[in-house]
Amino acid sequence: MNKINIGKGGLDALHEECGVFGLYSSKRQPLAGQVYLGLFALQHRGQESCGIVVNDEGQFRSCKDLGLVSDVFTSQSLSELGQGNMAVGHVRYGTTGANIRANVQPIEVHRLNGNLAVAHNGNLTNSEQLRKQLEMQGSIFHSTSDTEVIAYLLTKERLTCSNIENAVSSTMEKIEGAYSLVIMTEEKMVAVRDPNGYRPLCYGVISSEEGDIYVIASETCALDVVGAEFIRDIEPGEIVSFSKDGIKSIKTHCGREKKSLCVFEYIYFARPDSVIDGVSVHESRVKAGKILAKEHPVEADVVIGVPDSGLDAALGYSQESGIPYGMGFVKNKYIGRTFINPGQTERQNKVKIKLNPVSSTVKGKRVVLIDDSIVRGTTSGHIVQLVREAGATEVHVRISSPPFIAPCYYGTDVPDCQHLIACNHSLDEIAKIIGADSLGYLSMDGALSLGKDDGLCCKCFRK
């Protein structure tokens, strides 16, 4: 089958690896339903597969498969997971490893020294090297995911370390790259964020008379959906464990590297209702739009955004420029991240399947079209064409990120330079290729200002 990705920004849109979710309860109770809700809130972070593992007094029960959360889990499957005092969940978009059932997370390891389940968001840059070393030492891999490398390293370190926290710390000395982890053992739940903090991770608490439930999640929107009160973000390099002895924080690895949260969490990946490292994603996108209006002004009649992540930036552009904001597209809500392309003759309709322009908004008008990024340029060209066919007299494209000029190795599938339009063409050439009357990108300074204290990774915008 030929699969075409139609993400939030289009068919050649970016994709980010995963979303993680974990629960630790002081008492044994049904937890799978709450994990289901948390994963549903994180579905935008991964649509290839999902899974839940419940820990019931050291016995692990799991339900995992390819597909969306609503497809994989049923009332019966959630009920069969039973009760427990811990549970971990995962939604996956794979940047390392094929889309096969063996790669579905959480990854489970069952050894004499105890059961282990690992959910991972990110991408290791030295996974191939570590995998070869482990294979030479006798490890047998069942998946092609770098998460299994982490799981095997943890298992190995537990043989000599006095507790799981020390095993995690020792594993962190060996792995490189981006990783936000939720690790479940028979007795503890552990949250880990890499020293650069490339990917977000936070925790909160559900307070009740029956006892507190601690919640770990990639984004605060997942805390909200289960009624958890946000406590704080996990710091870059921090290890936080939850057990019957309470909450323990280990900061041995904190401060070793410069904080480098991926800027695309604010521009594209995260849900607008999330708050990451103290910054509202919605407000950050509105800010990007305002900066765009200052950096690339144009005379126009209406500002529209490409759903979903272009909408907030379009609102900011409108507020700063004074040009009215309009609803430019209706998005088909019943199309997931992927669909099966029936053949070459249907490819010209791929954008129309997902987006339909609102003619009354753009007809006879000079339009400012806001999108989050241009990767290869194919989708942008189709979208500009749709707006012109709907009657726009001019289409001025504004992008709420700088141009991609380098691939990413930390969990975002930015392709090689040969596939990046900005690597091979000038600004005027790109505008001509996509059919725009003018084109403007957010500046690097503008992108760096979207987070807090300039602690953002923008390596994909630098050669």
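Every chain is numbered independently, its residues counted from 1 as its sequence is written. Confidence filtering applies because this is a predicted model: local features only for residues at pLDDT of at least 70, side-chain atom pairs given and counted only at 80 or more, and all residues used for totals across whole chains, interfaces and linings. Here the side-chain values reflect all heavy atoms present in the structure, with hydrogen atoms and water set aside.

**Student:** Is there a simple way to explain the overall build of the protein chain in this structure?
**Tutor:** For helices the rule is a DSSP run of H or I covering at least 4 residues; for strands it is a run of E covering at least 2, with both sets numbered from the N terminus onward. Looking only at helices and strands, the protein chain has 16 helices and 25 strands in total. Taken over the C-alpha trace, the protein chain has a radius of gyration of 22 Å; the compact-globule value for 463 residues is 23 Å, and the two agree within 12%. In terms of overall dimensions, the protein chain has a C-alpha envelope of 70 × 45 × 45 Å along the principal axes. Three exposure classes are used, based on accessible area relative to the maximum for each residue type with a 1.4 Å probe and protein chains only: buried under 20%, partly exposed in between, and exposed over 50%. Sorting the 463 residues of the protein chain into buried and exposed places 61% on the buried side. Should any heavy atoms of two residues lie within 4.5 Å, those residues are considered in contact. Counting only contacts in the protein chain whose residues sit at least 6 apart along the sequence, the fraction spanning at least 24 positions is 70%. Looking at the protein chain as shown, the accessible area adds up to about 18,600 Å², and 49% of this sits on carbon and sulfur atoms. Where the 48 positive side-chain charges of the protein chain centre and where its 55 negative ones centre are 2 Å apart. Only C-alpha atoms enter the radius of gyration; for comparison, a globular chain is expected to reach 2.2 Å times N to the power 0.38, where N is the number of residues. Note on areas: Shrake-Rupley, 1.4 Å probe, and residue coverage restricted to the protein chains presented here. Here the positive residues are Lys and Arg and the negative ones are Asp and Glu; neither His nor the chain ends is included. Where a charge lies is defined by one atom per residue type, namely NZ (Lys), CZ (Arg), CG (Asp) and CD (Glu).

**Student:** How should the layout of surface pockets be read in this particular structure?
**Tutor:** It is the rolling of a water-molecule-sized probe over the atoms that shows where space remains empty. Points on a 1 Å grid, built from protein atoms alone, make a cavity when a 1.4 Å probe fits but cannot get out and make a pocket when they are open with protein on both sides within 12 Å along at least 5 of 7 lines; residues with an atom within 4 Å of a point are the lining residues. Grid points are joined across faces, edges and corners, and a volume is the space filled by probe spheres set on the points. Taken as a whole, the second largest pocket spans an internal volume of roughly 410 Å³. Around the second largest pocket, the lining is made up of 19 residues, and of these Val-109, Arg-111, His-142, Glu-148 and Tyr-152 lie nearest the centre. Put simply, the parts of the chain that give the lining of the second largest pocket at least two residues each are β6 (107-111) and α5 (146-158). A per-element tally of the lining of the second largest pocket places β6 first, with five residues. For this classification, the nonpolar set comprises Ala, Val, Leu, Ile, Met, Phe, Trp, Tyr, Cys and Pro, the charged set comprises Asp, Glu, Lys and Arg, and every other residue, Gly included, is treated as polar. Per-class residue counts for the lining of the second largest pocket are eight nonpolar, six polar and five charged.

**Student:** What's the story with the packing of helix α4 (residues 127-136) against α5 in this structure? I'm lost.
**Tutor:** How two helices sit against one another is set out by the angle between their axes and by the gap between those axes. Simply put, an axis is a line fit to the C-alpha atoms, just over the touching stretch for a helix, and the angle between two N-to-C directions goes from 0 to 180 degrees. Two elements in contact, α4 and α5, have axes separated by 10 Å at closest approach and are oriented at 50°. Relative to α5, α4 is oriented oblique. Crossing angle aside, the handedness with which α4 passes α5 is left-handed. Counted together, Ser-127, Leu-130, Arg-131 and Leu-134 of α4 and Asp-146, Val-149, Tyr-152 and Leu-153 of α5 form the full contact between these two elements. What sets the label is the angle itself: under 35 degrees gives roughly parallel, over 145 gives roughly antiparallel, 65 to 115 gives roughly perpendicular, and the rest give oblique. Throughout, a crossing is termed right-handed when the near helix is turned clockwise from the far one, and left-handed when it is turned anticlockwise from it by less than a right angle.

**Student:** I tried to follow unusual backbone geometry on my own but got confused; where do I start?
**Tutor:** For residues besides glycine, phi is generally negative; the peptide bonds are generally trans as well. Going from Gln-105 to Pro-106, the amide bond is cis rather than trans, its omega being 5°. You can see Pro-106 is positioned in the loop between β5 (83-92) and β6. Here the bond from Pro-307 into Asp-308 is cis, since omega is 0°, no more than 30 degrees from zero. Tracing the chain through its elements places Asp-308 in the loop between β18 (302-305) and α10 (309-321). With a phi angle near 50°, Asp-277 is a residue other than glycine that sits in the positive phi range. By secondary structure assignment, the location of Asp-277 is in the loop between β16 (275-276) and β17 (279-280).

**Student:** It is not clear to me how the nonpolar core should be interpreted in this structure. Could you clarify?
**Tutor:** The nonpolar side chains of a soluble globular protein tend to be buried with one another. Val-263, Phe-264 and Tyr-317 are the most contacted members of the largest nonpolar core, which has 35 residues in total. For this core, the elements supplying multiple residues, two or more each, are β15 (261-262), α8 (264-269), α9 (281-295), α10, β22 (366-371) and α16 (444-448). In contact with Val-263, other than residues within four places in its own chain, are Ala-447, Leu-450, Leu-456, Cys-457, Cys-458 and Phe-461. By convention a nonpolar core is built from buried Ala, Val, Leu, Ile, Met, Phe, Trp, Tyr and Cys residues, the set being connected through side-chain atoms within 4.5 Å.

**Student:** Even after reading the chapter, I still don't get the pattern of salt bridges, so can you show me in this structure?
**Tutor:** Between side chains of opposite charge, a pair can form as their charged atoms come close. Whenever a carboxyl oxygen of Asp or Glu lies within 4 Å of a side-chain nitrogen of Lys or Arg, that contact is scored as a salt bridge. Throughout the structure, instances matching the rule amount to 21 salt bridges. Between Arg-61 and Asp-56 there is a salt bridge, with its nearest N and O atoms 3.2 Å apart. Exposure remark for Arg-61: the relative accessible area of 24% places this residue in the partly exposed category. For Asp-56, a relative accessible area of 9% gives the class buried. Linking Glu-173 and Arg-256 is a salt bridge whose minimum nitrogen-to-oxygen distance equals 3.1 Å. Here Glu-173 is found in the loop between α6 (164-172) and β8 (177-185), whereas its partner Arg-256 is found in the loop between β14 (246-250) and β15, with 83 residues between them in sequence. Classification of Arg-256 by relative accessible area gives partly exposed; the value is 42%.

**Student:** Please explain a negative patch on the surface as it appears in this structure.
**Tutor:** Every patch collects residues that have over 30% relative accessible area and no salt bridge, joining them within 9 Å if they carry like charges and within 5 Å if they are nonpolar side chains (Val, Leu, Ile, Met, Phe, Trp, Tyr). A cluster of acidic residues, Glu-295, Asp-445, Asp-453 and Asp-454, forms a negative patch at the surface. Along the chain, the position of Asp-454 falls in the loop between α16 and β25 (456-457). Among the residues examined, Asp-454 registers a relative accessible area of 47% and is labelled partly exposed.

**Student:** So what exactly am I meant to see when it comes to empty space enclosed by the protein here?
**Tutor:** Taken as a whole and assessed by the stated rule, the structure comprises two cavities of 30 Å³ or more. One number sums up the size of the second largest cavity: a volume of about 40 Å³. Every residue along the wall of the second largest cavity is listed here: Val-306, Leu-369, Asp-371, Ser-380, Ile-383, Val-384, Val-397, Ile-399 and Ile-434. Of all the secondary-structure elements, those providing two or more residues to the lining of the second largest cavity are β22, α13 (378-389) and β23 (394-399). Residues belonging to the lining of the second largest cavity are distributed by class as follows: seven nonpolar, one polar and one charged.

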